[in-house]
Amino acid sequence: MKRLIAALGLLAALLLTGCSGSNAESATSGGGTPEQPEVAVITGSYGTPAAKYAIDAFEELGTGKGWKVTVSDTDFDFNQVNSLMQDAALRKVDAIVLGFPTPEQITVGLKAANDAEVPVYVIDGGTAPMEGVTLNVTSDSGQLAEISAQALLDAMGGPGKVLVIGHDPHPGIRLRTAEAIEYLEAAGAQIVDVKQVREPASSQGEALNFTNDFLQAHQDQDDLDGVWAGWDAAAMGVVQSLNSAGRTEVPVTGIDATDQAVAEIKKDGPFTATVFQDWDAIVGRLAEVMEADFAGTDPGTNFEEKPGVLVTEDNAETFNP
Amino acid sequence: MSTAQKTPLDENVPRATASARTSHVSRHSASALQLLKSGGTVLGFLLLLAAFGVLRPETFLSLGNMRNVLEQVAILAIIAAVQTVVMVVGGFDLSVGATASLSGAVVAQLMVNGANTLTAVAAALAVGVLVGAVNGYLVAYLKLSPFVATLATMTSVSGMAFIVTDGTTLYGLPEGFLGLGQGRWLGLPVPVFVAVGVALIVWFVLHSTTLGRRWHAVGGNDEVAKLSGVNVDRMRFTAFVVAGLGSSLAGLVLTSRLASATATSGDPYMLLAIAAVFLGMTVSREGVANIVGTLVGVGILGVLSNGLNILGVSTYVQQFLTGLIIVAAVAFSRLSHKRTS
């Protein structure tokens, strides 16, 4: 009986494999058509809210334009992003769209796409023009850092002691963290510590623990005046810690303007401000350029930056992404 | 009889006495050394506490900080405790972290959509039991290796967590639910009491019940256990169900603590739980999984993280040191057991 069940399970697995195999074959043999270009969206970051929003928005836009859009997520395995790019290049798709890649890690996949003459577009990939990429539309990391840092300075009532939470493996967060630190220090703030979150998946928990430990190690109320976090999930952890310790006078800023962050800002607690990255504008611009490219018009540039929008208590109620 | 005329027997008597004394001293030294070896991990833990206490006495040893550390390790302690059960029967469960994530996702999604808190909690726990049952069935009855079976379920469960959350963060949970992860009782965080409760139950079952003895028997030698009349398959199955239930409970505490759920929030606990259990095995003379040792392992990981944070050590260096300490503890214990045998 057990063997029968095992055999049935194996048969089911084989059937499923066969089905997906035949889908792959049809994708290989069919490809896109001039009427229905095939666009392969590849990302490792679909598990983060911002990336998911942007990619879903792009998929909807592209499907609306009559494109055949497929989305593949590698769950933060950026090496597999290269493999998927190679597969897409082999299939001769009409375009590859990379969602939130780390530029240094996609060289192999980029080469395969370039060799196959498959254009590569990028949503929020790094902070500078990338060779081999047809167009990279990204948030202006410098501007994100500047407005969030200024918001923190305003909330602190001037320069003070600032704890910074970053995640350097993400190039966007790494750049905005560095720029925020530079901006804050130029304004006279003292950076008391820079904590690096190890796992994006546990950002909130890690930031909560860091802040608890920091507050424990610095019992003096004068030891901390503000916290700058590179993204909202980490900022939420900091806010929780401050609320728990009764240190609600310490302002916190984040970036992303997630629903949770905006809701928290409305509560008039430590969470003071966040920055909305206009993903709709970013993916909209990308889709616009791609459509023109499919029609034969080359993009004029391979790098565009979009500014963010500051969300504070003043406009949180009316903020509508 | 003069000393010059000792018979061979007489000659042997002083030697025998001396050698008996030597043997007696050696046995004591060997016992002390054995004690040191088997207690090395505990000693290491105490040394860690002492080192951080000396470096930051006013901070590290404060009541507030100790409470901090207990709160920070509570969720890990729950997952590690049930991981211990699975390792007692000779397996291990890679899906514990993903099950915690899925459980959190289920309870959050249900509550956000208006379900009663108790109903949502019960559903989340049921999901954990179901995952455990699937693992148990695959390992105990289909005879798959625990590594393969739980790796597969981990992947699927993780996918289900993404489906349930739709990849977003679920928040806006009812105040009543937040007490589980953020409440205080007798001055201590509620998660600590949950962790202590789970640890006590696991300890009691392992040490004082027939079920626990059978689990140990299966883990010791399943063939002998079978010949002794123990239903080996059922014991393995039960162990995995316990792991699933415990992981889902940990997921509930985590979701309550963070007042939100994501598809991956529980994932990092899997490797940490296994590390804690392996550290705990070094506490046992036989080198087997045991709940007391696991709690020592959890304590080591928690104190290390907290202490290094207080000292301002970089996160990356912390991770490197943590791995180093785990390797050192397990290697030392393995070498000690080799020499003893």
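Residues numbered from 1 in each chain as written. Chains lettered and ligands numbered in written order. Predicted model: local features only at pLDDT ≥ 70, side-chain atom pairs only at ≥ 80, totals over all residues. Heavy atoms only, no water.

## Section: the UniProt feature "domain: Periplasmic binding protein" (unreviewed entry) in chain A
For step 1, the next point in the chain: According to UniProt, the "domain: Periplasmic binding protein" (unreviewed entry) feature falls on residues 39–290 of chain A.
For step 2, the next point in the chain: Segment residues 39–290 of chain A splits into 47% helix and 20% strand. End C-alpha atoms: 10 Å apart. (UniProt positions renumbered as here; feature names shortened; annotations may be inferred. Helix = DSSP H or I, 4+ residues; strand = E, 2+ residues; numbered from the N terminus.)

## Quick word on a nonpolar patch on the surface
Residues and elements named next belong to chain B.
For step 1, the next point in the chain: Judged by side-chain polarity, F147, V148 and L151 come together as a nonpolar surface patch covering roughly 250 Å² of accessible area.
For step 2, the next point in the chain: Locating V148 in the fold gives a position in helix α7 (residues 146–165).
For step 3, the next point in the chain: Using a relative accessible area of 47% as the deciding quantity, one classes V148 as partly exposed. (Patch = residues over 30% accessible without salt bridge, like charges linked within 9 Å, V, L, I, M, F, W, Y side chains within 5 Å. Areas by Shrake-Rupley, 256 points an atom, 1.4 Å probe, with all protein chains shown as cover. Salt bridge = Lys/Arg side-chain N within 4 Å of Asp/Glu carboxyl O. Buried < 20%, exposed > 50% of the residue type's maximum accessible area, 1.4 Å probe, protein only.)

## A word on the domain arrangement of chain A
All names here are of chain A.
For step 1, the next point in the chain: For chain A, the domain assignment lists domain 1 (30–139 + 279–306) and domain 2 (141–276).
For step 2, the next point in the chain: With ten residues of domain 1 at the contact, the number on the domain 2 side is nine residues.
For step 3, the next point in the chain: Taking both partners together, domain 1 and domain 2 bury about 770 Å²; carbon and sulfur atoms supply 62% of that area.
For step 4, the next point in the chain: Summed over the three residues of domain 1 that lose the most area to domain 2, namely T127, S139 and W279, the buried surface amounts to 43% of that side. (Domains from an automatic or database assignment. Contact = heavy atoms within 4.5 Å. Buried area = accessible area lost by both parts, 1.4 Å probe.)

## Here's the deal with the packing of aromatic side chains
For step 1, the next point in the chain: For the coordinates displayed, the defined rule picks out nine aromatic pairs over all chains.
For step 2, the next point in the chain: Ring plane angle 65° and centroid distance 5.0 Å describe the contact between F100(A) and W279(A), whose orientation is recorded as edge-to-face. With F100(A) in the loop between β3 (95–99) and α4 (107–115) and W279(A) in helix α10 (residues 279–294), this pair connects stretches of sequence that are 179 residues apart. Of the two residues examined, F100(A) and W279(A), each falls in the buried class.
For step 3, the next point in the chain: Here F92(B) and F147(B) contribute two aromatic rings whose centre-to-centre distance is 6.3 Å and whose plane-to-plane angle is 75°, an arrangement assigned as edge-to-face. With F92(B) in the loop between α4 (63–88) and α5 (96–112) and F147(B) in helix α7, this pair connects stretches of sequence that are 55 residues apart.
For step 4, the next point in the chain: Judged by relative accessible area, which is 28%, F92(B) ranks as partly exposed.
For step 5, the next point in the chain: These aromatic residues form a ring-pair network of at least three members: F58(A), W67(A) and F294(A). (Phe/Tyr/Trp six-rings, centres within 6.5 Å; stacked < 30°, edge-to-face > 60°.)

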